[in-house]
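Geometric and topological summary
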Amino acid sequence: QVQLVESGGGLVQPEGSLRLSCAASGSIFSINVMGWYRQAPGKQRELVAAITGGGSTHYEGYVKGRFTISRDNAKNTVYLQMNSLKPEDTAVYYCNADVRTPPDYRILEVWGRGTLVTVSS
């Protein structure tokens with residue numbers, strides 16, 4: 001079994017910064033893509049950013065230039081540095097990972113429980 005645990009959410013003023021972390025634990029052989037999604041009240045969950053095991057990144061347009069995704073493969077951890085935050089960034093942020101698990105090494109998609117980010121003055 002594999003778990004993802006997010007941390008780092010909270011209340012921040014507009015134009016402020018936050019850094020989210022997500023650590024994977026459990027029966028892990030390797031982790032392919034790791035990503036951050038978010039879901040605002042009354043809206044569907046949407047992709048924010050993703051990163052491959054080799055470090056290639058993808059950002060959705062609404063965060064490009066403001067958010068930075070990174071990962072530490074040795075710690076099975078992904079980060080999201082969020083700068084210049086806007087009220088419309090308010091949402092629950094979820095970590096997602098494609099994990100290859102023993103003994104058959106099939107890929108399992110895993111979600112964290114989410115961490116709330118509130119941007120407000």
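My aim in this report is to walk through the structure given alongside it, one point at a time. (Residues numbered from 1 in each chain as written. Predicted model: local features only at pLDDT ≥ 70, side-chain atom pairs only at ≥ 80, totals over all residues. Heavy atoms only, no water.)

1. Points about the state of the cysteines
Per the stated rule, a full pass over the model turns up one disulfide. The disulfide bridge from Cys-22 ends at Cys-95, spanning 2.1 Å between sulfur atoms. Between Cys-22 and Cys-95 the disulfide shows an S-S torsion of about -85°. By sign, it is left-handed. Here the residue Cys-22 occupies a position in strand β3 (residues 18-26), and Cys-95 occupies one in strand β9 (residues 91-101), the gap between them amounting to 73 residues. Across this residue pair, the class does not change: Cys-22 and Cys-95 are buried. (Disulfide = S-S within 2.5 Å. Helix = DSSP H or I, 4+ residues; strand = E, 2+ residues; numbered from the N terminus. Buried < 20%, exposed > 50% of the residue type's maximum accessible area, 1.4 Å probe, protein only.)

2. Describing the packing of aromatic side chains
Per the counting criterion, the structure on display carries two aromatic pairs. With 4.7 Å between their ring centres and 65° between their planes, Phe-29 and Tyr-105 make a pair best called edge-to-face. Taken together, the residues Phe-29 in the loop between β3 and β4 (30-39) and Tyr-105 in the loop between β9 and β10 (106-111) connect sequence positions 76 residues apart. The class of Phe-29 is exposed, set by a relative accessible area of 52%. With a relative accessible area of 38%, Tyr-105 lands in the partly exposed category. (Phe/Tyr/Trp six-rings, centres within 6.5 Å; stacked < 30°, edge-to-face > 60°.)

3. Here we look at unusual backbone geometry
The amide bond that connects Pro-102 to the next residue, Pro-103, takes the cis arrangement and shows omega of 5°. With respect to the element layout, Pro-103 can be found in the loop between β9 and β10. One non-glycine residue with positive phi stands out, namely Asn-76, at about 50°. Along the chain, Asn-76 turns up in the loop between β7 (67-72) and β8 (77-82). Of note, Ser-84 is a non-glycine position whose phi angle comes to about 50°, a positive value. Structurally, Ser-84 is set in the loop between β8 and β9. The class of Ser-84 is partly exposed, set by a relative accessible area of 30%.

4. With respect to the pairing of β7
Covered by surrounding structure in β7 are Phe-67, Ile-69 and Arg-71 only, the residues Thr-68, Ser-70 and Asp-72 on the alternate face being uncovered. The pairing of β7 with β8 spans six bridges and is antiparallel. In the sheet register, Ile-69 faces β8, and the bridge partner there is Leu-80. Taking the residues that link successive antiparallel strands as the turn, the β7-β8 hairpin has four residues, and the phi of Asn-76 there is positive, at about 50°. (Pairing = 2+ DSSP bridges.)

5. Some words on the sheet that holds strand β1 (residues 2-7)
Judged by pairing direction, the sheet is antiparallel, and its four strands sit side by side in the order β1-β3-β8-β7 without closing on themselves. On the outer flanks of this sheet lie β1 and β7, each paired with one strand and no other. On average, adjacent strands in this sheet sit at an angle of 15° to one another, irrespective of strand direction. In this structure, β1 lies alongside β3, joined through six bridges in antiparallel fashion. Across the sheet, Val-5 pairs through a bridge with Ala-23, a residue of β3. (Axes fitted to C-alpha atoms, helices over the stretch in contact; angles between N-to-C directions.)

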